[in-house]
Amino acid sequence: ICDDVDDCVGAYDECGECNGDGFSCATHLSLQLSLNDNGGLDVEYSSITDVYGFQFDIPTYSGVLVTGASGGAAADVGFEVSVGGSASYSRIIGFSFSGASIPAGSGILVTLEVEGDVDSACIVDLVLSGSAGEALDAVVNDCLSIVYEEIQLDCEDEDACNFMEPGDCVYPEENYDCEGNCIIS
């Protein structure tokens, strides 16, 4: 419980929020593989942005064959999750026909049923999708973890007051310049 008297009853997260979940200041999405109690691999996620689809491969040269994928947040929101691939990789794809998304948060994205040496599993060729199907730029770190950094676009309209500055374009009010000076004589 947070109040003005005690400042914080509990603990502050890394964002300085009382009893926070660590997401209010984050600008990333991360995925990580971890061995579960059933001998499979949980794909854990932590995100401040909704995820509308995902795809990644696990190469068979790593000694792991993915035989199924189910459960987790993907199942909770009704994602279709499938496993396919070839002799050289297992491809895991998850998306929704209805436009559902996995909301920002954290937990298990999906659980992978695997055969082989799970300790050498490696994620490659990652694709993450945002709300309009746009790609969320992500990087795979040391095969097991993925980091998505939100990119802040610059205003590219030369008529805007904040041309080539981060964020949406800002325009002056009618009959005024960007400094607030009236331009009508």
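Scroll up to find the structure this text is about.
What comes next concerns the included structure. (Residues numbered from 1 in each chain as written. Predicted model: local features only at pLDDT ≥ 70, side-chain atom pairs only at ≥ 80, totals over all residues. Heavy atoms only, no water.)

Description of the overall build of the protein
Across its full length, the protein holds 1 helix and 10 strands. Classification of the 185 residues of the protein by burial places 33% in the buried group. Carbon and sulfur atoms form 47% of the exposed surface of the protein, whose accessible area is close to 10,800 Å². (Helix = DSSP H or I, 4+ residues; strand = E, 2+ residues; numbered from the N terminus. Buried < 20%, exposed > 50% of the residue type's maximum accessible area, 1.4 Å probe, protein only. Areas by Shrake-Rupley, 256 points an atom, 1.4 Å probe, with all protein chains shown as cover.)

Re the pattern of salt bridges
One pass over the full model with this rule turns up 1 salt bridge. One salt bridge connects arginine 91 with aspartate 57, and the closest N-O pair in it is separated by 2.8 Å. With arginine 91 in strand β6 (residues 89-95) and aspartate 57 in strand β3 (residues 53-59), this pair connects stretches of sequence that are 34 residues apart. A residue is classified by how much of its surface remains accessible, and aspartate 57, at 2% relative accessible area, is buried. (Salt bridge = Lys/Arg side-chain N within 4 Å of Asp/Glu carboxyl O.)

Examining the nonpolar core
Nonpolar side chains in soluble globular proteins tend to end up buried together. Residues Val43, Phe54, Phe56, Ile92, Ile102, Leu109 and Leu112 are the most contacted members of the largest nonpolar core, which totals 27 residues. Breaking this core down by element, the ones donating at least two residues are β1 (28-35), β2 (41-47), β3, β4 (64-70), α1 (72-76), β7 (105-116) and β8 (124-129). If sequence neighbours within four positions are ignored, phenylalanine 54 has contacts with Ala74, Phe79, Val81, Ile92, Ile93, Gly94, Ile102, Leu109, Val110, Val127 and Leu128. (Core = buried A, V, L, I, M, F, W, Y, C linked by side-chain atoms within 4.5 Å. Contact = heavy atoms within 4.5 Å.)

Thoughts on the packing of aromatic side chains
A full pass over the atoms with the stated rule returns 3 aromatic pairs. Ring centres 6.2 Å apart and planes at 25° place the aromatic pair phenylalanine 54 and phenylalanine 56 in the stacked group. Per residue, the accessibility class of phenylalanine 54 equals that of phenylalanine 56, and both read buried. With centroids separated by 6.1 Å and ring planes inclined at 20°, the aromatic side chains of phenylalanine 54 and phenylalanine 79 adopt a geometry described as stacked. Separated by 25 residues along the polypeptide, phenylalanine 54 in strand β3 and phenylalanine 79 in the loop between α1 and β5 (80-85) bring together distant segments of the chain. Neither residue differs from the other here; phenylalanine 54 and phenylalanine 79 are each classed as buried. (Phe/Tyr/Trp six-rings, centres within 6.5 Å; stacked < 30°, edge-to-face > 60°.)

Some remarks on the state of the cysteines
In total, this model carries 2 disulfides according to the counting rule given. Linked covalently through their sulfurs, cysteine 155 and cysteine 169 form a disulfide whose S-S length is 2.1 Å. Since a negative S-S torsion denotes a left-handed disulfide, the cysteine 155-cysteine 169 link at about 105° is right-handed. In this pair, cysteine 155 is assigned in the segment after β10 (145-149) and cysteine 169 in the segment after β10, connecting sequence segments 14 residues apart. The buried category is assigned to cysteine 155, whose relative accessible area is 1%. Note on cysteine 169: relative accessible area 29%, which makes it partly exposed. Bridging cysteine 161 to cysteine 178, the disulfide has an S-S length of 2.1 Å. Between cysteine 161 and cysteine 178, the disulfide has an S-S torsion of -90° and is therefore left-handed. Residue cysteine 161 is found in the segment after β10, and its partner cysteine 178 is found in the segment after β10; the two are separated by 17 residues along the sequence. Judged by relative accessible area, which is 30%, cysteine 161 ranks as partly exposed. (Disulfide = S-S within 2.5 Å.)

Considering the environment of proline 172
Within the secondary structure, proline 172 is located in the segment after β10. Taking the C-alpha atoms as reference points, proline 172 and cysteine 161, separated by 11 residues in sequence, lie 6.8 Å from one another. If we skip the residues at most four places from it in the chain, proline 172 touches Asp159, Cys161, Asp177 and Cys178.

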